[in-house]
Amino acid sequence: MTQVKAPEPQTVIELIGVKKRYQLGRSSIEVLHGIDLKVSKGEFVVIMGPSGSGKSTLMNIIGCLDRVSEGTYLLAGEDVSSKTPVQLATVRNRKIGFVFQNYNLLPRLTAVENAELPLVYRGIGPAARRRKAIEQLTKMGLAARVHHKPSEMSGGEQQRVAIARALVGDPEILLADEPTGNLDSKVGAQIMSILVRLNDAGMTIVMVTHDPEIALYGKRIVRLKDGLLVGDEPVQHRRTPPDEHEGANAEGAQPRVQAGLAEGGEAVPA
Amino acid sequence: MNMREYVAVAWRALIGNKMRAFLTMLGVIIGVGCVIGLVSVGEGTRAQVSAQIQGLGSDLVMIMPAPGRGIRLKIEDAEDLKQRAPELSRVMPTSSFSMQVKYGTQTKDTTVQAVTQDFPDLRNFYPERGKFFTAEDVAARRKVCLIGKTVADELFGNTNPVGKDIVIMGQSFTVLGVMESKGTALGTNPDDTVLVPITTGMQLTRSRYIQSITAQIKPGYDAKATTDHITAIFEQKFRRSDQVRVFSQEELLNTVNQVTRTMSIMLGAIAGISLLVGGIGIMNIMLVSVTERTREIGIRKAIGARERDIMTQFLIESVILSAGGGLLGILLGMGLSQILARVAGWPSVVTVGSVLMAVGFSVAVGVFFGIYPASKAARQDPIAALRYE
Ligand SMILES: Nc1ncnc2c1ncn2[C@@H]1O[C@H](COP(=O)(O)OP(=O)(O)O)[C@@H](O)[C@H]1O
Ligand SMILES: [Mg+2]
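Predicted model only: the values in this text are computed from it and were never measured. Starting afresh in each chain, residues are numbered from 1 along the sequence in its written order. Chains carry letters and ligands carry numbers; both start at the beginning, A for chains and 1 for ligands, and go up in the order they are written. pLDDT decides what is reported in this predicted model: residues at 70 or higher carry local features, side-chain atom pairs at 80 or more are listed and counted, and totals for whole chains, interfaces and linings draw on all residues regardless. Side-chain calculation: all heavy atoms of the structure are included, whereas hydrogens and water are not.

## A look at the overall build of chain A
Using the following cut-off: Helix and strand definitions follow DSSP, with helices as H or I runs of at least four residues and strands as E runs of at least two, each counted in order from the N terminus. Any two residues having at least one pair of non-hydrogen atoms within 4.5 Å are treated as being in contact. For the accessible areas, the method is Shrake-Rupley and the probe is 1.4 Å, while residue cover comes only from the protein chains on display.
Across its full length, chain A carries 10 helices and 10 strands. For chain A, the share of sequence-separated contacts (at least 6 apart) that also reach a separation of at least 24 residues comes to 70%. Entry remark: accessible area of chain A is about 12400 Å², with carbon and sulfur atoms responsible for 51%.

## Digging into the environment of B:Ala341
Residues and elements named next belong to chain B. Inclusion rule: Buried means the residue's accessible area, taken with a 1.4 Å probe over protein chains only, is under 20% of the maximum for its type, while exposed means over 50%, and partly exposed covers the values in between.
Its place among the elements puts Ala341 in helix α11 (residues 307-344). Its relative accessible area of 30% is what places Ala341 among the partly exposed residues. Residues Ala341 and Thr255 lie 86 residues apart in sequence; the distance between their C-alpha atoms is 24 Å.

## Details of the confidence of the model for chain A
For clarity, the cut-off: Think of pLDDT as the predictor's per-residue confidence, scored from 0 to 100.
Taken as a whole, chain A shows an average pLDDT of 88; of its residues, 87% reach a score of 70 or greater. Overall, residues 245-270 of chain A carries pLDDT values under 50, and its contacts beyond four positions in sequence, including any with other chains, amount to 43 contacts.

## Re the pairing of strand β6 (residues 165-168) of chain B
Residues and elements named next belong to chain B. Test applied: Strands are treated as partners if at least two bridges between them are detected by DSSP.
Burial of β6 is one-sided: the residues Ile166 and Ile168 facing one way are buried, the residues Asp165 and Val167 facing the other way are not. Sheet topology places strand β2 (residues 88-103) next to β6; two bridges connect them, and they run antiparallel. Counterpart to Val101 in the pairing with β6 is Ile168. Examined bridge by bridge, β6 and strand β7 (residues 171-179) share four bridges and lie antiparallel to one another. Across the sheet, Asp165 pairs through a bridge with Thr174, a residue of β7. Two successive antiparallel strands, β6 and β7, enclose a turn made up of two residues, where Met169 displays a positive phi of approximately 50 degrees.

## Some points on the site of ligand 1
Our working definition: Whether a residue is near a molecule or strand depends on its heavy atoms: if one lies within 4 Å, it is near. In protein, a polar contact means a hydrogen-donor-capable atom and an acceptor-capable atom, both N or O and within 3.5 Å, with residues adjacent in sequence counting only if both atoms are side-chain atoms; elsewhere, any N or O pair within 3.5 Å suffices. Side-chain classes are defined by residue name, with Ala, Val, Leu, Ile, Met, Phe, Trp, Tyr, Cys and Pro counting as nonpolar, Asp, Glu, Lys and Arg as charged, and the others, Gly among them, as polar.
Close contacts around ligand 1 come from 13 residues, with A:Gly52, A:Lys55, A:Ser56, A:Thr57 and B:Arg387 the closest. Mapping the residues near ligand 1 onto chains gives chains A and B. Here A:Thr57 contributes a side-chain N or O atom positioned 2.5 Å from an oxygen atom of ligand 1. Within the contact set of ligand 1, a nitrogen atom lies 2.9 Å away from a side-chain nitrogen or oxygen of B:Arg387. Within the complex, 69% of the 560 Å² of free accessible area of ligand 1 lies under protein. Of all elements in the fold, only β1 (11-24), β2 (27-40) and α1 (55-62) of chain A reach the threshold of two or more residues within the shell around ligand 1. At three residues, α1(A) tops the list of elements feeding residues into the shell around ligand 1. Class assignment of the residues belonging to the shell around ligand 1 gives a composition of five nonpolar, six polar and two charged.

## Let's talk about the packing of helix α9 (residues 249-292) of chain B against α11(B)
Residue and element names in this part refer to chain B. What counts here: Geometry is summarised by axes, namely lines fitted to C-alpha atoms with helices restricted to the contacting stretch, and by angles between N-to-C directions that run from 0 to 180 degrees. In a left-handed crossing the near helix is turned counterclockwise from the far helix by less than a right angle, and in a right-handed crossing that turn is clockwise.
α11 packs onto α9 with a crossing angle of 145 degrees between their chain directions and a minimal axis gap of 11 Å. In the packing of α9 onto α11, the handedness of the crossing is right-handed. Here Ile282, Met286, Ser289 and Val290 of α9 lie close against α11, whose contacting residues are Phe314, Glu317, Ser318, Leu321 and Ser322. Looking at the contact of α9 with α11 residue by residue, the classes come out as five nonpolar, three polar and one charged.

## Focus: α11(B)
Helical geometry note: an α-helix holds 3.6 residues per turn, so side chains three or four residues apart project in the same direction. Heads up, the rule is: One less than the number of residues in a helix, times 1.5 Å, gives the span that helix is expected to have.
For α11(B), spanning 38 residues, the distance from its first C-alpha to its last is 53 Å, which sits close to the expected 56 Å at 1.5 Å a residue. Following α11(B) by one or two positions, B:Gly345 has its phi on the positive side, about 75 degrees.

## A few points about the pattern of salt bridges
Residues and elements named next belong to chain A. As a reminder, the rule being used: What counts as a salt bridge is simple: a side-chain nitrogen of Lys or Arg found within 4 Å of a carboxyl oxygen of Asp or Glu.
In the structure shown here, the tally under the stated rule is 32 salt bridges over all chains. Of the charged contacts in the structure, one is a salt bridge between Arg220 and Glu43, with a shortest N-O distance of 3.0 Å. Taken as a pair, Arg220 in strand β9 (residues 220-225) and Glu43 in the loop between β2 and β3 (44-48) lie far apart in primary sequence, 177 residues in all. Residues Arg220 and Glu43 agree in their burial class; the two are buried.

## Focus: the interface of chain B and chain A
Put simply, the test is: Summed over both partners, the accessible surface that disappears when two parts come together, traced with a 1.4 Å probe, is what is meant by buried area.
Across the boundary between the two partners, chain B contributes 23 residues, which contact 24 residues of chain A. Here chain B meets chain A over a buried area of about 2100 Å², counting both sides, of which 55% is carbon and sulfur. Counting the surface chain B buries against chain A, the share from its top three residues, B:Arg12, B:Ile303 and B:Ile383, is 27%. Counting across the interface, chain B meets chain A through three salt bridges. Measuring nitrogen to oxygen at the nearest pair gives 2.6 Å for the salt bridge that ties B:Glu5 to A:Arg129. At the boundary of chain B with chain A, the tally comes to seven residue pairs in polar contact (both at pLDDT 80 or more). Of all elements in the fold, only α1 (3-15), α10 (294-302), α11 and α13 (382-387) of chain B reach the threshold of two or more residues within the side of chain B that touches chain A. Counting residues per element, the side of chain B that touches chain A draws most heavily on α10(B), at six residues. By residue class, the composition of the side of chain B that touches chain A is nine nonpolar, two polar and 12 charged.

## Digging into the side chain of A:Ser193
Residues and elements named next belong to chain A. One can find Ser193 in helix α7 (residues 185-200). The class of Ser193 is buried, set by a relative accessible area of 5%. A distance of 3.0 Å separates the side chain of Ser193 from the side chain of Arg197, its partner in a polar contact. Setting aside chain neighbours within four positions, we find Ser193 in contact with Pro241 and Pro242.

## Looking at the sheet that holds β1(A)
Residue and element names in this part refer to chain A. Across the sheet, which stays open at both edges, the four strands sit in the order β2-β1-β4-β5 with antiparallel pairing between neighbours. Strands at the two margins of the open sheet, each flanked by one partner only, are β2 and β5 (78-79). Bridge count between β1 and strand β4 (residues 70-75): five bridges; the pairing is antiparallel. Paired with Ile16 across the strands is Thr72, a residue of β4. The strands touched by α1 are β1, β2 and β4; relative to β1, the strand with the most contacts, the crossing angle is about 120 degrees.

## Concerning the environment of A:Ala111
Residue and element names in this part refer to chain A. Structurally, Ala111 is set in helix α3 (residues 111-115). Look at Ala111 and you get buried, because its relative accessible area is 1%. Taking the C-alpha atoms as reference, Ala111 lies 37 Å from Leu229; in sequence the two are 118 residues apart. Apart from the residues within four sequence positions on either side, Ala111 is in contact with Leu137, Arg145, Val146, His148, Met153 and Val161.

## Describing the packing of helix α3 (residues 75-84) of chain B against helix α8 (residues 223-238) of chain B
Two quantities define a packed helix pair, namely the angle between the helix axes and the distance between the axes. Residue and element names in this part refer to chain B. Note the threshold: Geometric relationships in this document are graded by angle, where less than 35 degrees denotes roughly parallel, more than 145 denotes roughly antiparallel, 65 to 115 denotes roughly perpendicular, and other angles denote oblique.
α8 packs onto α3 with a crossing angle of 125 degrees between their chain directions and a minimal axis gap of 11 Å. As summarised for this structure, α3 and α8 are arranged oblique, according to the angle between their axes. Here α3 and α8 pass one another in a crossing that is right-handed. Of the residues in α8, those touching α3 at Asp77, Asp80, Leu81 and Arg84 are His229, Ile230, Ile233, Phe234, Gln236 and Lys237. Grouping the amino acids of the contact of α3 with α8 by side-chain chemistry returns four nonpolar, two polar and four charged.

So, in structure tokens, the structure goes:
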């Protein structure tokens, strides 16, 4: 009992020498040339880089939507490359929440039906999953939009439905590929305030953006260029997200992430 | 996800495009409608014809001269046959003519059948009023007759015909009785007839010959062996083969059953082909639908749907299309067979078998033609699907 050892931060994502090649007819092009990246629990990593540098390709690999061509990807210590398609589907369903630039909601389904979709494939009964989906939508400030279809909602609202969908299954990591790319800066800031508060509550987040302003909401910036990591440093002057009123003014509906997480989320050291 | 939810998801996708779903089902609706409608007509015809033949008595044998051989039969041939064929219980010489009969000022064109006292037992056809003529009446060539229900109604109306005289070819016949009604079937009316003794009938037409012989096989004797024996008897008599045609009611029944069964199968096959075409229509639309919903498939896969989930979802859609088409088709087919029965007078029987067959086939069509599009959907790469615009 002479010393108290600081607990080793738990590694959630570990990429070792990851390469990705796409087959184009007879020739193949290599998009990622060997990426080494480690993300620990509770981090907020922002991936930046010019268009075509391989950010989305990297995110798809992290999100288990795609497989590495070479190298190793360990998700929570497990080697993903050895998993069967069915196991990968289960990983996507349980461990990963994915948010896309263009929301990717199913147009015929209402907000709550979209949000509950991961639970549908988990085999959870209609009543239970509806309750969870409504709970998430309420945290996103969408209680009044529960039965609206995507076409009846603004871009910011749609993206919040997408975030609710990503969170409904209690994933270990939240992946966001340019989540504010289709939104104006005010609504974008509102989405960022949601992500920051989720991270404050303990969620591990990896986000892609090419907007330097947006990137400053993260804790660590990783730079990608032509399929190689060219930079990895912590954010020095982190931006604080706009408060609730600003968000309310921007969209009319009021995100209540803070309140929601304070009630239901786990306590996280500041 | 359980079956009910899969069905609910598939149902919503179809409801989202009602017109397309209906048009896709139309092929199956028409195919199944034809199966039910046509098979029911075939089945109805078979049932009616065989009932009719059985009503005549399935133990009957008909003997008539083969056409174009110049052979003619006489009453003596019938008597001779009775002596030589112990397996026959009754042997009746028969002729029939189309003639006009008169009562007072009323006339009626009908079929006059010249028969013997054995007619009622042979044909299972008895007088309702009065009595049939006797062997004595036949031997004495008495001018007596029995009339069918239709003739009685048209000539006599409400008057009791028994004991009245009707005129056939200028000669007066006493009505001994009225035959019971057998009802019309297959365009023939057994009630539209006048029965006279064979001897009287031959005298009336100044003929020495009869047209055919009807005989009854004793119980326990084989129909085929008996007809063979009769054939042999006539071969010996005329010293040549193929001079007469001998066929039993049982063989006729078998033939009719076979013919109508073949007809049913052929109608069913034609209908089956249209069902197949309907299935191809379903496959076509499902392939279009898979392409249109590439993005949806990508999204579902990205959030954890397994290939099996996607496969089931699309497969159930195609089965709903085909089974829904099948059910609507059954209604259409029942309606069709009702209409055919009413308007065209075709007998029709919708059998449980044909309904089950139609349902089974349409579900099978849905599965068969749904598998390819569904597996195409299931195998889609989620990233490519998400990129798809
Ligand atoms: N399925 C594919 N087939 C071939 N090339 C691809 C495919 N997907 C992406 N690429 C290429 O890989 C490179 C990186 O793409 P991407 O990861 O989408 O870049 P970013 O998201 O950084 O803009 C681009 O040059 C793109 O054309
Ligand atoms: Mg990209």
